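# Inside the fold
Given next are the chains, with one letter for each unit.
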Amino acid sequence: MYLTVRNATKTFGSFKALDNVSIEIDRREFVCLLGPSGCGKTTLLRLIAGLTELNSGEILLEGTALSNLPARKRGFGIVFQSYSLFPNMTVAENIGYGQKIRGTPRSEISRRVTELLELVKLPQVAGKFPGQLSGGQQQRIALARAIAVDPRVLLLDEPLSALDAKVRAELRDEIRHVQRSLGIPTLMVTHDQEEALALADKIICMNHGVVVQAGTPEDLYHRPATRFVADFMGISNLVSADPIRREFPDLMAKWPGGAGAEHVACIRPEQIGLTPAQDGNATVRSISFLGNLRRLEVDSAIGPLVVETHGYNSCHEGERVNLSIPPEACTWVADDLAHQPAETAA
Amino acid sequence: MSGVEKMTTPARRQLDADRLLTLVCVGLPLLGLVLFFLYPMVIVFLRSLTVDDGYGLANYTRVLGSTGFWRATEHSLIMGAATTVLSVFLGFIIAHGLYRCAFRGKWLIRGVIVLPLLAPSLVQALGLIFLLGRNGVISRALGVEIEIYGFWGLLIANTLYALPQAVMIIGAALVLLDARVYEAAEVMGASPSRQFRDLTLPAARFGILNAAFVCFTITITDFGNAAVIGGDYSVLATEIYSQVVGQRNFNMGAVVGIMLLLPTVVSYAIERQAMKRQQVGQMAGQVPYRSSFAPVRDPVMASLSLLVCAGIVAVIGIVVYASFVTLWPYNMTLSFKHYDITLAGGYSSLWMTIVISLMAASGGTLAVFLLCLGLRRLPRSAAQPIQMLAAMPAAVPGMVLGLAYILTFNSTATPLYLLYGTAALIAIINFYHYHTQGFLTVMTGFRQLPRALEEAADSLGAGMARTAVDIIAPFIAPMLVSVFFFLFMRSMVTLSAVVFLTTPDLSVAAVTIMRLDDAGLTSQAAAFSTCVMAVVSVALLSMKGTLELMGRRNRIKRPV
């Protein structure tokens with residue numbers, strides 16, 4: 001593995017921000033740290049950057065321990081959420097700053113700056129000051145500044161969170177493109193599961209200072225390990241075993257067993273088939289039109305469910321419908337929230 | 001993100017140059033604070049306990065048993081309270097006028113209100129004497145004999161001196177109020193007077209409290225006005241002076257000094273608390289209040305504000321005018337006669353004061369910058385006590401600090417004696433006298449500096465020194481400029497701290513003015529004051545100009 005964090009623990013006073021966390025990042029890999037506020041993801045990123053110190057555990061880059069190396073000697077690039085461009089320097093000076101520190105000749109710096117401005121598609125702004133740029137442009141420059149020094153690892157701390165939805169989507173593709181073309185191992189912190197799904201080769205889902213699940217975006221979406229992950233990775237219907245056994249017995253095939261309360265069925269709303277039928281097994285309670293899809297809340301024998309349908313459908317509120325759930329649509333997940341107060345997933 | 005996650009602990013294991021630099025940054029200014037603030041304060045405390053045969057409370061019993069001391073204390077407290085009430089009341093009217101009302105000519109009020117800060121405090125007293133004294137313009141015009149020396153004269157002089165502070169502090173609280181809150185109240189049907197009672201007053205509460213304590217402290221610690229116009233109305237500051245200079249009784253002076261320290265320390269502690277409470281109310285993305293014209297309120301507020309300003313202009317203006325009058329009040333033709341200073345030394349003390357002020361300003365700005373820079377890299381547990389120490393000097397009256405210096409540095413017991421009688425020591429006392437204000441200003445600048453900037457520089461490979469020069473200094477440059485000029489201007493006019501440290505060979509401007517006045521050369525005192533005011537005005541304009549230039553450059557960089 002290229003970058004390894006092993007058994008990292010970090011406390012702030014009595015608060016345990018990270019509890020024995022281990023993660024790995026491969027060469028050229030794009031890894032997302034995903035989780036709600038306060039789950040420890042930013043702390044982990046800052047530990048890797050060298051901006052915060054470990055209580056215990058170790059961080060290895062190509063097998064070498066980094067723990068004693070200050071941030072400025074790690075050779076990493078970092079992009080923060082916002083306001084990290086130096087306001088007193090022009091865009092070109094900002095991008096060239098890392099190389100200037102390293103004593104790179106001026107001609108080489110200006111060549112590199114031009115090249116990077118092309119890469120982030122802002123060739124005209126070299127002489128401007130950060131305050132003259134939009135938020136999205138500033139983040140592009142911050143990205144260019146971070147990769148100017150050929151960082152060994154690129155760290156992105158919620159780089160898109162402060163931006164408008166449209167700019168965010170654009171810049172998301174930009175980051176993806178830049179990372180793929182340069183092949184820099186990248187770790188991004190985000191609380192937006194859509195962002196993580198779109199960007200990551202690997203998602204590490206965290207909660208309460210521990211890693212809950214790590215895997216490909218498909219793994220986490222379709223095969224969540226726990227109720228928390230299922231809930232956090234988009235909308236899911238979580239139903240306990242007893243009503244499933246009664247109403248949809250063929251979904252019990254993969255049930256891991258046990259007394260019944262340890263696992264719940266996770267069924268994604270787009271995987272439920274829905275057809276209008278007078279003698280159907282459910283009733284439509286409400287419909288939200290979301291453009292490309294419709295989201296329906298239906299009352300069924302196994303409780304209220306969310307169903308999403310694409311394209312035109314003639315259902316209206318109060319109508320009887322028939323629900324069908326194919327066996328592969330159901331994943332049984334550990335109910336890790338059963339004994340905890342409900343999280344408010346934003 | 002939770003606040004906890006954003007917290008940073010400085011990398012403890014950076015045993016390289018950066019760590020050393022942090023130690024130097026904190027260590028040097030800290031050494032200065034210990035040597036030039038803490039140590040003299042300990043000395044003055046010990047001296048207050050020193051009696052012929054060792055240590056004891058004999059000095060205190062003597063002081064507490066004397067009627068003179070109790071009279072001075074009573075006078076100080078009454079004067080402090082009266083000045084506070086008057087200046088906070090007038091200050092609120094002016095601040096409310098400036099920030100909550102709509103009328104023209106606010107620039108005039110803003111300009112006039114800072115005038116008292118341009119001159120040594122005794123200039124207000126001088127002005128009052130030229131206006132209301134036996135030969136004053138007003139007394140002669142009305143043909144009445146007004147007894148201006150004493151309580152009333154001192155009250156007016158002190159109020160004029162404290163007023164700028166009151167306006168600035170209350171104004172800062174009023175300007176924080178968000179327009180949306182008022183819009184919401186308006187929509188809910190609250191009348192303007194209700195809005196004033198329910199929104200403005202409660203929000204300005206801590207500002208008013210804060211202003212009250214600052215005015216109180218300024219008043220009871222001021223020496224210049226009391227010395228010139230106090231007459232028989234003795235206060236604690238003049239009492240210390242007469243003990244030390246008049247009776248050469250240093251130990252008794254130290255006792256009175258400690259007694260004067262008590263109310264200022266209490267007052268300062270409460271003021272700091274009030275300030276903290278006020279800052280909680282600040283929030284990002286505030287919508288500034290735009291006042292619209294109110295037919296009754298605004299003309300009234302405007303005329304009251306202008307009336308007070310007229311008073312200030314009259315008092316300061318008459319000093320300038322009188323300095324040009326050939327023989328006040330008999331020959332009112334104008335001449336430059338009084339600018340030929342006849343007192344020994346002439347203008348040398350003015351030049352010396354400028355040199356001293358430049359020293360205090362440049363050295364002081366550098367010192368607080370280094371201190372704040374270093375503190376940012378220290379763990380909280382270590383930074384907090386140092387911050388407290390750095391904020392302490394404001395609680396110490398200038399007279400007490402000056403007395404502490406003479407007791408400490410005019411003793412051959414330590415090599416520090418070498419500093420006694422040098423311009424450097426006067427520059428040093430001026431800096432430490434105003435250390436708190438300078439330190440807190442730069443601290444505020446550092447607080448506004450986003451952590452991400454330093455961390456980005458850090459990740460790009462910049463060390464501490466490089467980050468300080470390339471990133472931090474440009475960011476807080478406006479604060480550094482303000483502190484530089486603040487220290488310069490205060491050093492130009494301060495009297496109380498330096499009055500004990502001047503020698504026949506080394507005097508400063510404010511002391512020269514006092515000597516000229518003492519010698520009955522009132523017109524020359526006015527002329528000398530005018531010169532000081534000219535220098536300070538140039539400094540103030542330079543500061544405004546520099547800040548304006550920086551602001552304009554920054555507006556290009558960050559258009560809002």
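Residues numbered from 1 in each chain as written. Chains lettered and ligands numbered in written order. Predicted model: local features only at pLDDT ≥ 70, side-chain atom pairs only at ≥ 80, totals over all residues.

### Digging into the domain arrangement of chain A
Worth spelling out the cut-off: Each domain's extent is set by a domain assignment, obtained either automatically or from a database.
When cut into domains, chain A gives domain 1 (3-222) and domain 2 (236-334). For domain 1 of chain A versus domain 2 of chain A, the separation of C-alpha centres amounts to 39 Å.

### Here's the deal with the UniProt feature "domain: ABC transmembrane type-1" (unreviewed entry) in chain B
Residues and elements named next belong to chain B. Filter applied, for reference: UniProt positions are given in the numbering used here, feature names are shortened, and annotations may be inferred rather than shown by experiment. Each helix corresponds to a stretch of at least 4 residues labelled H or I by DSSP, and each strand to a stretch of at least 2 residues labelled E; elements are numbered beginning at the N terminus.
As recorded in UniProt, the sites labelled "domain: ABC transmembrane type-1" (unreviewed entry) are residues 73-271 and 350-542. Between the C-alpha atoms that bound residues 73-271 there is a distance of 21 Å. The span itself is 78% helix and 0% strand. In the segment residues 350-542, helix accounts for 76% and strand for 0%; the C-alpha atoms at its two ends are 19 Å apart.

### Concerning the sheet that holds strand β5 (residues 64-65) of chain A
Residues and elements named next belong to chain A. Stated formally: Each pair of strands is called paired provided DSSP finds at least two bridges between the two strands. The contact rule is simple: place each C-beta atom from the backbone, and if two of them lie within 7 Å, those residues are in contact. Where helices are involved, their axes are fitted lines through C-alpha atoms of the stretch in contact, as for all axes, and angles between N-to-C directions lie from 0 to 180°.
One open sheet holds the four strands; their spatial order is β2-β1-β4-β5, and the pairing between them is antiparallel. Looking at which strands have only one partner, the edges of the open sheet turn out to be β2 (15-25) and β5. Both strand β1 (residues 3-12) and β2 contribute to a ladder of seven bridges, which runs antiparallel. Residue pairing in the sheet places V5 in a bridge with I23 of β2. Sheet contacts for helix α1 (residues 41-49): β1, β2 and β4 (56-61); angle to β1, the most-contacted strand, approximately 115°.

### So, the nonpolar core
Side chains that are nonpolar tend, in soluble globular proteins, to be buried together. Quick reminder of the rule: What we call a nonpolar core is a set of buried Ala, Val, Leu, Ile, Met, Phe, Trp, Tyr and Cys residues whose membership is set by joining through C-beta atoms within 7 Å. To sort residues by burial, count the other C-beta atoms lying within 10 Å of each one's C-beta; a count of 20 or more means buried, 12 or fewer means exposed, and anything in between means partly exposed. C-beta atoms are built from the backbone.
I170 and L403 of chain B are the most contacted members of the largest nonpolar core, which has 272 residues in total. Residues contacting I170 of chain B, with those up to four places away along its chain left out, are G91, F92, A95, A204, G207, I208 and A211 of chain B.

### Re the environment of L296 of chain A
Residues and elements named next belong to chain A. Among the secondary structure elements, L296 is positioned in strand β15 (residues 293-300). For L296, a count of 24 C-beta atoms within 10 Å corresponds to the buried category. Linking L296 and H316, residues 20 residues apart in sequence, is a C-alpha distance of 9.4 Å. In this view, L296 contacts V284, I287, V307, T309 and C315; residues no more than four positions away in its chain are not counted.

### Focus: the sheet that holds strand β17 (residues 320-324) of chain A
Residue and element names in this part refer to chain A. What the five strands build is an open sheet, ordered β13-β17-β14-β15-β16; its pairing is antiparallel. Of all the strands in the sheet, just β13 (273-276) and β16 (303-310) have a single pairing partner and so form its edges. Neighbour-to-neighbour, the strand axes of the sheet open up by a mean angle of 40°, direction not taken into account. Of the strand pairs in this sheet, β13 and β17 are connected by four bridges, and their pairing is antiparallel. Of the residues in β17, the one forming a bridge with L274 is L323.

### Some details on the domain arrangement of chain B
All names here are of chain B. With domains assigned, chain B is organised as domain 1 (23-56 + 336-449 + 481-560) and domain 2 (57-318). Measuring from the centre of the C-alpha atoms in domain 1 to the corresponding centre in domain 2 gives 22 Å. Taken residue by residue, the interface counts 34 residues in domain 1 and 32 residues in domain 2. Listed by contribution, the elements that provide at least two residues to the side of domain 1 that touches domain 2 are α2 (17-49), β1 (50-51), α17 (398-409), α22 (509-518) and α23 (522-557).

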